[in-house]
Amino acid sequence: MTGFASGKGAFGPHSWTWELRSVNGKGLDMRLRVPEWLTGLEAALRATISKQLSRGNVTLSLRVSRDETQPDLVLNEAAMDAVLEAVARTQEMAIAKDVTLGPSTAADLISLKGMLDAGNDADDPGPLVGQLTTEFGGLLSDFIEMRQTEGRALATVLEEQLGQVAALTFQAAELAEQRKDKMSEALRENLARVLDNAQGADPDRVAQELAIISVKADITEEIDRLKAHVVAARDLLAQDTPVGRKLDFLMQEFNREANTLCSKAQNAELTAVGLELKVVIDQMREQVQNVE
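All values reported here derive from a predicted model rather than from experimental measurement.

Conventions used here
- Residues numbered from 1 in each chain as written.
- Predicted model: local features only at pLDDT ≥ 70, side-chain atom pairs only at ≥ 80, totals over all residues.
- Heavy atoms only, no water.
- Helix = DSSP H or I, 4+ residues; strand = E, 2+ residues; numbered from the N terminus.
- Expected span 1.5 Å × (residues − 1).
- Buried < 20%, exposed > 50% of the residue type's maximum accessible area, 1.4 Å probe, protein only.
- Arc of directions from axis to C-beta.
- Pairing = 2+ DSSP bridges.
- Axes fitted to C-alpha atoms, helices over the stretch in contact; angles between N-to-C directions.
- Salt bridge = Lys/Arg side-chain N within 4 Å of Asp/Glu carboxyl O.
- Parallel < 35°, antiparallel > 145°, perpendicular 65-115°, else oblique.
- Left-handed = near helix turned anticlockwise from the far one by under 90°.
- Contact = heavy atoms within 4.5 Å.
- Nonpolar A, V, L, I, M, F, W, Y, C, P; charged D, E, K, R; others polar.

Residue-level account of helix α1 (residues 41–52), with values.
Look at α1: 17 Å from first C-alpha to last across twelve residues, which is about the 16 Å you get at 1.5 Å a residue. Listing the buried residues of α1 in full gives Leu41, Leu45 and Ile49. Along the axis of α1, the buried residues cluster in a sector spanning 60 degrees; they form a single face. Along α1, the residues that are exposed and aim more than 90 degrees away from the buried face are Ala43 and Lys51.

The structure is reproduced here in structure tokens:
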């Protein structure tokens, strides 16, 4: 979700530099610093960003400067109308007197006194706002390209971590299968011990309670859900649409299953696998924060 792009440009007497950057965030949070006199620019840029991005703390900084040595030349349309009418009338009079006049060019007319006035386009920021809005598309494209490059690298890291989770889940399943006989033997010994020392206790009731303990120690469901979460996460990584929030939720589910597995382990090796699972899942959770 991190990204950076910068650019510069010029339009008329104005020149500018801008930087677009982002860091991870649960949602889309935009902070735009643009000159207030560029009316409508911030709203236009916000709309453009929100169409392209869905997550991240995005910051845009725009600095605009003006070259005061370059006058803003504005055509005096009223004066030009008067000149054109005079030219047309002059041509009519020349034809009437059989006088041939040379052709007039636009440069000839513009060079006349009063045809061009030194104006101030700060009074009308519209053209500059339009130019900035257009050029922002290129800046945003560079920014998104950088995020996509990082995203591809991040997908590789997450895929490796999912492989670790899958391997640890398989290891946990094998350990759980190996402990069944030991747990059954331990339960039988406990049952015999309780029955020998529980005068008047209902044998069926005691057996039922021990059976409940056995069921609570079973981690089959946790193993199955961890496997399903790995498949779901890989499916999300294969998509071209934003999946960061879905992955974020899935990390919570991964962590819940790992916690439950540890609490049910009752075995040093299985507990160790569960703790290693939690470490890898936490590493994935940190990486997912950078996923769009």
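Back to the text.
For the sheet that holds strand β4 (residues 56–66), give the residues involved together with the corresponding values.
The four strands are arranged β1-β2-β4-β3 in an open sheet whose pairing can be described as mixed. The open sheet has two edge strands with one neighbour each: β1 (3–11) and β3 (28–33). Across the sheet, the axes of successive neighbouring strands diverge by a mean angle of 10 degrees, strand direction being ignored. Of the pairings in the sheet, the one linking β1 to strand β2 (residues 14–23) comprises nine bridges and is antiparallel in character.

Hey, could you go over the pattern of salt bridges for me, with residue numbers and the actual values?
Side chains carrying opposite charge are able to pair once their charged atoms draw close together. By the definition in use, this model includes eleven salt bridges. Across the pair Asp29 and Arg31 runs a salt bridge, and its minimum N-O distance is 3.1 Å. Classification of Asp29 by relative accessible area gives partly exposed; the value is 29%. Notably, a salt bridge pairs Arg46 with Glu42, separated by 3.1 Å at the nearest N-O pair. Of the two residues, Arg46 and Glu42 are both situated in helix α1; the distance of four residues between them amounts to about one turn of the helix. We classify Glu42 as partly exposed; its relative accessible area is 31%. Three or more residues joined by partner-sharing salt bridges are found here, namely Glu221, Glu222, Arg225, Glu257 and Lys264.

Pulling in residues and values, what's your account of the packing of helix α7 (residues 244–264) against helix α8 (residues 268–288)?
Between two packed helices, the angle of one axis relative to the other and the distance separating the axes together describe the packing. Relative orientation of the contacting elements α7 and α8 amounts to 165 degrees, with a least axis distance of 9 Å. Taken together, the axes of α7 and α8 are roughly antiparallel relative to one another. Of the two possible hands of crossing, α7 and α8 adopt the one that is left-handed. Where α7 approaches α8, its residues Gly244, Leu247, Asp248, Met251, Phe254, Asn255, Ala258, Asn259, Leu261 and Cys262 are matched on the opposing element by Leu270, Thr271, Gly274, Leu275, Leu277, Lys278, Ile281, Met284, Arg285 and Val288. Here the residues of the contact of α7 with α8 sort into twelve nonpolar, five polar and three charged.

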